[in-house]
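Each chain, written out:
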Amino acid sequence: MKNKIISEEFPKKITTPFLYRITQTVILSLFIFCVFLIILYVVGNYQNFQDLSQKSILSVLFYTSILNGFLTLPVIVENIIMLITLKNKTGRIISLVFMIFTDVFSVFCIILSGAVEVLSSGL
């Protein structure tokens, strides 16, 4: 009888899966790294970095953005599924909006770095 009362007082807390938390942490880290690379590229233009350094920054930005874009797609799907099935919707909505923003930002970085690389190598 006491076990029943204790379990009613403390309802089971629904936790997020470990892989989901690791994936979100990696996505956030890659997002911050992409922002850092863009800032480094802009500062490098003003401080006259060598052409090879600028192209290296752009290629790292390109591949990092591709990886970030591919990682956000399954997390977006998982957020939508969790939004439908779970009761706590506020945290899922915030996470979903951030993942969609990160995916759009990754596509922007892919297009930007690809276009600048093509223009810098000469048409």
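Numbering of residues starts from 1 in every chain and runs along the sequence as written. It should be noted that, the model being predicted, local features are given only for residues of pLDDT at least 70 and side-chain atom pairs only at 80 or more, the latter also being counted only at that level, while totals for whole chains, interfaces and linings use all residues. Neither water nor hydrogens contribute to the side-chain values; these are computed over all heavy atoms in the structure.

> Account for a nonpolar patch on the surface, naming residues and giving values.
Residues forming no salt bridge and having over 30% relative accessible area are the ones grouped into patches, like charges within 9 Å of each other and nonpolar side chains (Val, Leu, Ile, Met, Phe, Trp, Tyr) within 5 Å. Here the open area of atoms and residues is found with the Shrake-Rupley method and a 1.4 Å probe, where only the protein chains shown may cover a residue. Salt bridges are counted wherever a side-chain nitrogen of Lys or Arg sits within 4 Å of a carboxyl oxygen of Asp or Glu. On the surface, Phe18, Ile22 and Val26 cluster together into a nonpolar patch covering about 280 Å² of accessible area. Only DSSP runs of H or I with at least four residues qualify as helices, and only runs of E with at least two residues qualify as strands; both kinds are numbered from the N terminus onward. Within the secondary structure, isoleucine 22 sits in helix H2 (residues 18-46). The buried label applies to any residue whose accessible area, calculated with a 1.4 Å probe on protein chains only, is under 20% of its type's maximum; exposed applies above 50%, and partly exposed to all values in between. Residue classification places isoleucine 22 among the partly exposed residues on the basis of a relative accessible area of 38%.

> Describe the packing of H2 against helix H3 (residues 51-85), listing the residues and the values that go with them.
Two measures define how a pair of helices packs: the angle their axes make with one another and the distance between the axes. To get an axis, fit a line to the C-alpha atoms, keeping to the stretch in contact for a helix; angles then go from 0 to 180 degrees between the N-to-C directions. Here H2 crosses H3 at 150°, and the two axes come no closer than 9 Å. Here H3 runs roughly antiparallel to H2, going by the angle between their axes. The handedness of the crossing between H2 and H3 is left-handed. Here the residues of the contact of H2 with H3 sort into 19 nonpolar, 10 polar and one charged. Any angle that is under 35 degrees is reported as roughly parallel, and any over 145 degrees as roughly antiparallel; angles of 65 to 115 degrees are reported as roughly perpendicular and all others as oblique. A crossing counts as left-handed when the near helix is turned anticlockwise from the far one by less than a right angle, and as right-handed when that turn is clockwise. Any residue outside Ala, Val, Leu, Ile, Met, Phe, Trp, Tyr, Cys, Pro, Asp, Glu, Lys and Arg is labelled polar, Gly included; the first ten of those are nonpolar and the last four are charged.

> Hey, could you go over the packing of aromatic side chains for me, with residue numbers and the actual values?
Two numbers describe a pair of aromatic rings. These are the distance of the centres and the angle of the planes. Aromatic contacts are taken between Phe, Tyr and Trp rings whose centres are within 6.5 Å, Trp giving its six-membered ring; a plane angle under 30 degrees counts as stacked, one over 60 as edge-to-face, and the others as tilted. Applying the stated criterion across every chain yields a total of five aromatic pairs. Between the aromatic rings of phenylalanine 31 and phenylalanine 101, the centroid separation amounts to 5.9 Å while the plane-to-plane angle is 65°, which identifies the pairing as edge-to-face. Of this pair, phenylalanine 31 sits in helix H2 while phenylalanine 101 sits in helix H4 (residues 90-121), placing them 70 residues apart in sequence. With relative accessibility at 15%, the residue phenylalanine 31 sits in the buried group. Residue class for phenylalanine 101 comes out partly exposed when judged on its relative accessible area of 46%. Note on phenylalanine 31 and phenylalanine 105: the rings are 5.1 Å apart at their centroids and 65° apart in plane angle, and the pair reads as edge-to-face. Taken as a pair, phenylalanine 31 in helix H2 and phenylalanine 105 in helix H4 lie far apart in primary sequence, 74 residues in all. Through a chain of ring-to-ring contacts, the aromatic side chains of Phe31, Phe98, Phe101 and Phe105 assemble into a single cluster.

> So what about the side chain of serine 113? Which residues, and what values?
Relative to the helices and strands, serine 113 is located in helix H4. Relative accessible area serves as the criterion here: at 0%, serine 113 is assigned to the buried category. Only 3.3 Å separates the side chain of serine 113 from the backbone oxygen of isoleucine 110, close enough to count as a polar contact. We define a polar contact as two N or O atoms separated by no more than 3.5 Å, with the added condition that, inside protein, one atom must be a possible hydrogen donor and the other a possible acceptor, whereas residues neighbouring each other in sequence contribute only through side-chain atom pairs.

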